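Coordinate inspection notes
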Amino acid sequence: MVEIRLHGRAGQGMVTGAELIALAAFYEGKYSQAFPFFGSEKRGPPVMAFCRVSEEPITVHEEISEPDIVVVADSSILDAVDVTAGLKEEGILIINSKKTPSELGFKVKNVYTINASDIALKHFKKLILNTVMLGAFCKVTKLVSLESIKKAIKEKLSEKLPEKVVEANLNAIQEIYDLMEASK
Amino acid sequence: MIIPHAKPGTSISNKTGEWKAFRPIIDESKCIKCGICQRMCPEGIMGKKGEVPKIDYNYCKGCSICVNVCPVKAITMERVEKE
Amino acid sequence: MIKTREGSRVVADMAAQCKLDVVSCYPITPTSHVAEELNRHYSNGKFPEYITIEAEFSALSSLIGASATGARTFTTTGGQGLLYMHEPLGSASGMRLPIVMLVGNRAISSPLNIWNDEQDTVSQRDLGWIQIYCKNNQEAVDAIPQAFYIAEKMLIPVMVCMDGFLLTHAVEQVDIIDEKKVHAFLPEYNYPLKLDPKNPVSLGVYANPTHYQTFREDLVKDMEKSKEVILEAGEKWEKISGRSYGLINGYKLEDAERVLVSLGSIIDNINIVVDELREKGEKVGSLHIRSYRPFPDEEIKKALTGKKVGVLDKAISIGAQAPLYLDVFESLGKTNTEISSFYGGLGGRGIKLKHIKELFEKLKGNSVKEWIVSEPPTKDMHEVKK
């Protein structure tokens, strides 16, 4: 079982991001579970979302304290939140930042950075960061394929968003995926 | 015996300024000191009427109500660069 | 059809498949998404009437009126919302109205807390509602049609309980049986004394000392009889879904020497620990109590006699022993079984797998009654500054 923790600010779509990973895994015949950090629902403060992906049915219902992968959508929370807490030693940290891993100075083995915000603003004019971060997530971790995530985006986002917004998300994720370096 | 309660001032330690991704910047040359933004600010952290507002960014949540109510459009939102 | 979707939303989708007539909800965390989805179903014409009200008290009160006219009714709430329904809870059961309610288990104030424990529904256990506790989202979704079946056959309202946040907000694979099969499963609802100008009758009437108790005795007797109907509904549902449901559900129980007992989703976490300890040769098992009211005392006696039992309560009875513990204790009364009471996990202070391991360890010794050692989730993350 792979356990993932996603960090962001409320309103940036990370809770949906976790759900998109869960959907993508389901399309690939895996079992999955996604849930938010449970708290008052308001825009602005740092939030977390969690996701589990497994070849076996997932029966546990518990917060994830030792993730294998951490995704940080908004580096402006780094002063307030210890995003590496509990991250396994061989774990992967993917972070939206203009800086390089060494500049960020995390004592983590596998750090990947990507300037996702500019791409998000280009496609959405708002800091909707879930799909762009998932592009990076797919490329680096290969836990789910880009095709599966795109299918999940189409299914999930079409519920409430107009077609051209869904299109923008698909374009944004492709752009990030192409830009992102593959894993080491 | 403990009673659940919160005294005034306890939320001072909760720096809600951490929440924002965009923050308001005031163009002092345009500001007419009308005091509307100061009255409308939900956090009450824009300083005293009659002066150009001094925003306390420790608590400004970036809601941008001030931007919307300013009659002379003296306030703009800019991204918080925390890196 | 298997969907990957948030638990509370699938429950709402299933409810909308049950040929509802009247829905009235006041949204509250953790079931606001149920109310949201029901509203969406209503605007898509899935059921004819949605009564908007200003609070939970009125939600249940409107449904009492609606149900009395022969309408199939549904609502949802949790925590303080359920407490705010307390007054009409008694009317609903006393009037023998088969209302079905989905409760997202949440802590009760004060202090104010939106996270999960079972204090809300457990504190309302004496009022004559059937209470079904679901251990995962699949059970919650399957429980809704069964709840209508049971409620309408016994004319006793049913609370379907699912842990707030842990289940309500978890997106995972759930199989939602399609509408045609649900319709085939559910009989037509026909309240025998429904309010009808052609046959006028007053319901919820006054009863003086001569008569009042007769009604209570009747409700007590029927609550006991509803055990058979719960089993009947479970068997019928198994034919449709392949999943069986009863009053209790044992896991690796037969040769278990030490057993933990609980109501809600914690049982699946307990089962993960059971598997781990079994690998090491420890004879442990668990028992999930699905039907809390009516309480399956005979079944529990059969399942647990002679074992070392630990009852896990996510609720307390302030001033006396923990509620589930007391009921289990009573069932095992004359059997000389060692029973421990572990209570805690309140207000979302999660009970992790490592804490459950410690509980099984404690069962090796003499019986104890104590708070469960646990910790709040991710407490430190937002307080740590570099």
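Just so we're clear, the structure is a prediction, and the values are computed from it rather than from any experiment. (Residues numbered from 1 in each chain as written. Chains lettered and ligands numbered in written order. Predicted model: local features only at pLDDT ≥ 70, side-chain atom pairs only at ≥ 80, totals over all residues.)

**Structural notes on the overall build of chain B**
Summing up its helical and strand segments, chain B has two helices and two strands in all. The C-alpha atoms of chain B give 15 Å as radius of gyration, which overshoots the globular expectation for 83 residues (12 Å, by more than 25%). When each of the 83 residues of chain B is scored for burial, the buried share is 20%. Restricting to contacts in chain B with at least 6 residues of sequence separation, those with at least 24 account for 66%. (Helix = DSSP H or I, 4+ residues; strand = E, 2+ residues; numbered from the N terminus. Rg over C-alpha atoms; globule rule 2.2 N^0.38 Å. Buried ≥ 20, exposed ≤ 12 C-beta atoms within 10 Å, placed from the backbone. Contact = placed C-beta atoms within 7 Å.)

**Some thoughts on the sheet that holds strand β11 (residues 284-289) of chain C**
All names here are of chain C. The strand order β9-β11-β10-β13-β14-β15 describes an open sheet built from six strands, whose pairing is mixed. Edge positions in the open sheet fall to β9 (248-251) and β15 (369-371), since each of these has one partner strand only. Between one strand and the next, the sheet's axes are offset by a mean angle of 20°, whatever the strand orientation. Where β9 and β11 come together, four bridges link them in antiparallel fashion. Each residue of the ladder has a partner; that of Ile248, found in β11, is Ile289. The strands that helix α11 (residues 297-304) touches are β9, β10 (258-262), β11 and β13 (308-313); relative to β9, the one it contacts most, it runs at about 10°. (Pairing = 2+ DSSP bridges. Axes fitted to C-alpha atoms, helices over the stretch in contact; angles between N-to-C directions.)

**Overview of the interface of chain A and chain B**
Contacts between the two partners involve 13 residues from chain A, matched on the other side by eight residues from chain B. A per-class count over the side of chain A that touches chain B returns four nonpolar, four polar and five charged. (Nonpolar A, V, L, I, M, F, W, Y, C, P; charged D, E, K, R; others polar.)

**A look at the environment of Ser286 of chain C**
Residue and element names in this part refer to chain C. Here Ser286 lies in strand β11. Separated by 208 residues in sequence, Ser286 and Gly78 have C-alpha atoms that sit 27 Å apart. Those residues within four positions of Ser286 in sequence are excluded, and the remaining contacts are Tyr251, Val259, Leu260, Ile267, Ile270, Asn271 and Val274.

**Overview of the interface of chain C and chain A**
Residue-level contacts link 28 residues of chain C with 25 residues of chain A. Counting residues per element, the side of chain C that touches chain A draws most heavily on helix α10 (residues 266-279) of chain C, which supplies four residues. Residues of the side of chain C that touches chain A, tallied by class, amount to twelve nonpolar, eleven polar and five charged. Pairing analysis gives two bridges linking strand β2 (residues 31-36) of chain A to strand β8 (residues 171-175) of chain C, with the strands arranged antiparallel. Along β8 of chain C, the bridge assignment pairs Gln33 of chain A with Glu172 of chain C.

**So, the sheet that holds β8 of chain C**
Each strand in a sheet pairs with another by means of backbone hydrogen bonds, the pair being arranged parallel or else antiparallel. Read from one edge of the open sheet, eight strands run β6(A)-β5(A)-β4(A)-β1(A)-β3(A)-β2(A)-β8(C)-β1(C), paired in mixed fashion. Lying at the two open borders of the sheet, with one neighbouring strand each, are β6 (110-114) of chain A together with β1 (2-6) of chain C. Taken pair by pair, the neighbouring strands of this sheet meet at an average axis angle of 25°, ignoring direction. As paired elements, β2 of chain A and strand β3 (residues 46-54) of chain A share six bridges and run antiparallel to each other. Among the inter-strand pairings, Ser32 of chain A is bridged to a residue of β3 of chain A, identified as Val53 of chain A.

**A short note on the environment of Val72 of chain B**
Residues and elements named next belong to chain B. Residue placement: Val72 occurs in the loop between α2 (65-69) and β2 (75-79). In this structure, the C-alpha to C-alpha distance between Val72 and Lys61, residues eleven residues apart in sequence, is 22 Å. If near-sequence neighbours (up to four positions away) are discounted, Val72 is found in contact with Lys30 and Ile32.

**A closer look at the nonpolar core**
In this structure, Ile21 of chain A together with Val160 of chain C are the most contacted members of the largest nonpolar core, which totals 177 residues. Once residues lying within four places of it in the same chain are set aside, the contact partners of Ile21 of chain A are Ile4, Ala34, Cys51, Val53, Leu134 and Val144 of chain A. Membership of the second largest hydrophobic core comes to nine residues, among which are Cys41, Met46, Ile55 and Ala74 of chain B. (Core = buried A, V, L, I, M, F, W, Y, C linked by C-beta atoms within 7 Å.)

**Things to note about the confidence of the model for chain A**
Any segment with low pLDDT has predicted coordinates that should not be analysed in fine detail. Confidence in the prediction for chain A averages 90 pLDDT; 95% of positions are at 70 or higher. Element-level mean pLDDT values for chain A span from 87 in helix α2 (residues 101-104) of chain A up to 96 in strand β4 (residues 69-72) of chain A. (pLDDT = per-residue confidence, 0-100.)

**Quick word on the pairing of strand β5 (residues 100-105) of chain C**
Every regular strand shows the same layout, with side chains that alternate between the two sheet faces. Of all six residues making up β5 of chain C, six are buried, and the element is well covered by its neighbours. Going residue by residue along β5 of chain C, you find Val100, Leu102 and Gly104 of chain C tucked away on one face and Met101, Val103 and Asn105 of chain C tucked away on the opposite face as well.

**Description of the packing of helix α7 (residues 137-154) of chain C against helix α9 (residues 212-241) of chain C**
Residue and element names in this part refer to chain C. The geometry of α7 relative to α9 is characterised by a closest axis approach of 9 Å and an angle of 140° between their N-to-C directions. It follows from the interaxial angle that α7 and α9 lie oblique. Crossing angle aside, the handedness with which α7 passes α9 is right-handed. Counting all contacts with α7, which are made through Asp142, Gln146, Tyr149, Ile150, Lys153 and Met154, the residues of α9 involved are Asp222, Lys225, Ser226, Val229, Ile230, Ala233, Gly234, Trp237 and Ser241. (Parallel < 35°, antiparallel > 145°, perpendicular 65-115°, else oblique. Left-handed = near helix turned anticlockwise from the far one by under 90°.)

**Remarks on α10 of chain C**
Residue and element names in this part refer to chain C. The end-to-end C-alpha separation of α10 is 20 Å, in line with the 20 Å expected for 14 residues at 1.5 Å each. Residues of α10 that are buried include every one of Ile266, Ile267, Asp268, Asn269, Ile270, Asn271, Val273 and Val274, and no others. In this structure, the buried residues of α10 make contact with β9, β10, β11, β13 and α13 (353-362). Phi turns positive one or two residues past the end of α10, at Gly281, with a value near 90°. (Expected span 1.5 Å × (residues − 1).)

**Some details on the confidence of the model for chain B**
Confidence in the prediction for chain B averages 89 pLDDT; 96% of positions are at 70 or higher. Our summary of model confidence lists the complex with pTM equal to 0.90 and ipTM equal to 0.88.

**Looking at the environment of Gly345 of chain C**
All names here are of chain C. Note that Gly345 resides in the loop between β14 (338-343) and α13. Along the chain, Gly345 and Met162 lie 183 residues apart, while their C-alpha atoms are 15 Å from each other. With near-sequence residues (within four places) excluded, Gly345 lies in contact with Asp117, Lys314, Gly350, Ile351, Ile372 and Ser374.

**Observations concerning helix α12 (residues 323-331) of chain C**
When we look at burial in α12 of chain C, the residues that qualify are Pro323, Leu324, Tyr325, Val328 and Ser331 of chain C. Against α6 (119-122), β10, α11, β13 and β14 of chain C lie the buried residues of α12 of chain C.

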